[in-house]
Amino acid sequence: MKPSVLVCRAVFPDIVDRLREYFEVETNEADVVWSPAELIQHLQGKAGVFITGTQPIDTALLEACPQLKAVCSMAVGYNNVDLPACTAHGVLVSNAPDVLTETTADFGFALMMAAARRIAESEHFLRSGAWTKWSVDAFAGSDVHGATLGVLGMGRIGRGVARRGALGFGMKVIYHNRSHLDAATEAALGARYVSKEALLREADHLVIVVPYSAAAHHLIGAAELALMKPTATLTNIARGGIVDDAALAQALRDKRIAAAGLDVFEGEPAVHPDLLTVPNVVLTPHIASSSLPTRRAMANLAADNLIAALGLGPNKGKPPTALNPEVLA
Ligand code: DGY
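Residues numbered from 1 in each chain as written. Predicted model: local features only at pLDDT ≥ 70, side-chain atom pairs only at ≥ 80, totals over all residues. Heavy atoms only, no water.

If you tally the helices and strands in the chain, you get 13 helices and 12 strands. For the chain, whose C-alpha radius of gyration is 22 Å, the value lies close to the compact-globule estimate of 20 Å for 329 residues. Its C-alpha atoms put the chain at 70 × 50 × 35 Å along the principal axes. A burial count over the chain gives 47% of its 329 residues as buried. Considering only contacts within the chain whose residues lie at least 6 apart along the sequence, 61% involve residues at least 24 apart. (Helix = DSSP H or I, 4+ residues; strand = E, 2+ residues; numbered from the N terminus. Rg over C-alpha atoms; globule rule 2.2 N^0.38 Å. Buried < 20%, exposed > 50% of the residue type's maximum accessible area, 1.4 Å probe, protein only. Contact = heavy atoms within 4.5 Å.)

Below, the structure written as structure tokens:
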């Protein structure tokens, strides 16, 4: 008998068909966002689960689902999964790194440019019928080319943003991260490691790409925003909660900083109401990795991991991007 798995959000049908070659698959065609209790109910008797970046996988769920052996996410960020608890319960966890790096860096750069050049704000103006004449300073924003790009979190996506800035737009790159880049990568990007405070003070355009953790909660709040240049922009493509959204809305309203681009929010899909009323912020619904080829690649990688984690397919026993491969040892 095939093992049973749950695909807990609607995903591409051909990828579900691939899973059906190995498993009895329960899907969620209606794409309902299940409560934790509903998720536990659907997981009864399942050996594996295909998740996205939003379903919480915690001790309570693991204890209520003792048959569960694999949790495979199509997201790179896994702050929704209690990894130590999964390891303690012998549950393999995988995420989906690499396949979304360039697409997400493209989007971060686009959001930064949209904020700097006031693209969303001016588009709303035009659509509202308010455009009646050309004006010398209409929606005059700040330049991206030649400006100082500050990258907070220099992982794969951070490096992708830095590369775009340095090589495509002649930007001076400064960064702050847990660790330094190796000298060759620093030289190739012309990137300079600085303290967090120097990053905030010197960046013309700050892009946040750190993974979420308890230590990263409100890494950027009122005090940090106060250090930034009044002409600066802030772009967050990492996770909600890293930026204090209420403090950011206030800083934008007060013109403490010039503009922001946000793809992620504290408590999303709810968005802080103050962000919805300030004009100088571009808001997108957590879509930085959402090009069709990339979302397909992410889903395929999660499927590869699930098949391998449950001892099947060409990679059996060796899920390609396992986070705790020791549980299979
Ligand atoms: C990720 O992969 O972590 C993206 O943010 C989508 O959830």
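With that out of the way, let us pick up the domain arrangement of the chain. Per the domain assignment, the segments making up the chain are domain 1 (4-98 + 292-328) and domain 2 (101-283). Summarising the inter-unit geometry, the C-alpha centres of domain 1 and domain 2 are found 32 Å apart. The interface of domain 1 with domain 2 comprises six residues on the first partner and five residues on the second. For the pair domain 1 and domain 2, the summed buried surface comes to about 550 Å²; carbon and sulfur atoms form 40% of the total. Considering only the surface of domain 1 that becomes buried against domain 2, N79, D98 and T294 emerge as the three largest contributors, covering 71% of it. Between domain 1 and domain 2 we count one salt bridge in total. Residue D98 is joined to R156 by a salt bridge in which the shortest nitrogen-to-oxygen separation is 3.3 Å. (Domains from an automatic or database assignment. Buried area = accessible area lost by both parts, 1.4 Å probe. Salt bridge = Lys/Arg side-chain N within 4 Å of Asp/Glu carboxyl O.)

Further remarks concern the sheet that holds strand β7 (residues 172-176). With parallel pairing, seven strands are arranged side by side in an open sheet as β8-β7-β6-β9-β10-β11-β12. The sheet terminates laterally at β8 (191-193) and β12 (281-283), the two strands that pair on one side only. Each strand of the sheet is rotated relative to its neighbour by a mean of 15°, with strand direction disregarded. Alignment of strand β6 (residues 148-152) against strand β9 (residues 205-208), held across four bridges, turns out to be parallel. Note that in β9 the partner of L152 across the bridge is I208. Against the sheet, helix α11 (residues 245-253) touches β10 (233-236), β11 (259-262) and β12, its axis set at about 145° to β11. (Pairing = 2+ DSSP bridges. Axes fitted to C-alpha atoms, helices over the stretch in contact; angles between N-to-C directions.)

Taken together, the buried positions of α11 are occupied by D245, A247, L248, A249, A251 and L252. Tucked inside the fold, the buried residues of α11 contact α10 (222-227), β10, β11, α12 (273-277) and β12. For α11, the capping residue at the N-terminal end is D244, with a side-chain oxygen 3.2 Å from the backbone nitrogen of A246. Just downstream of α11 lies K255, where phi reads positive at about 60°. (Polar contact = N/O pair within 3.5 Å; in protein donor to acceptor, adjacent residues only side chain to side chain.)

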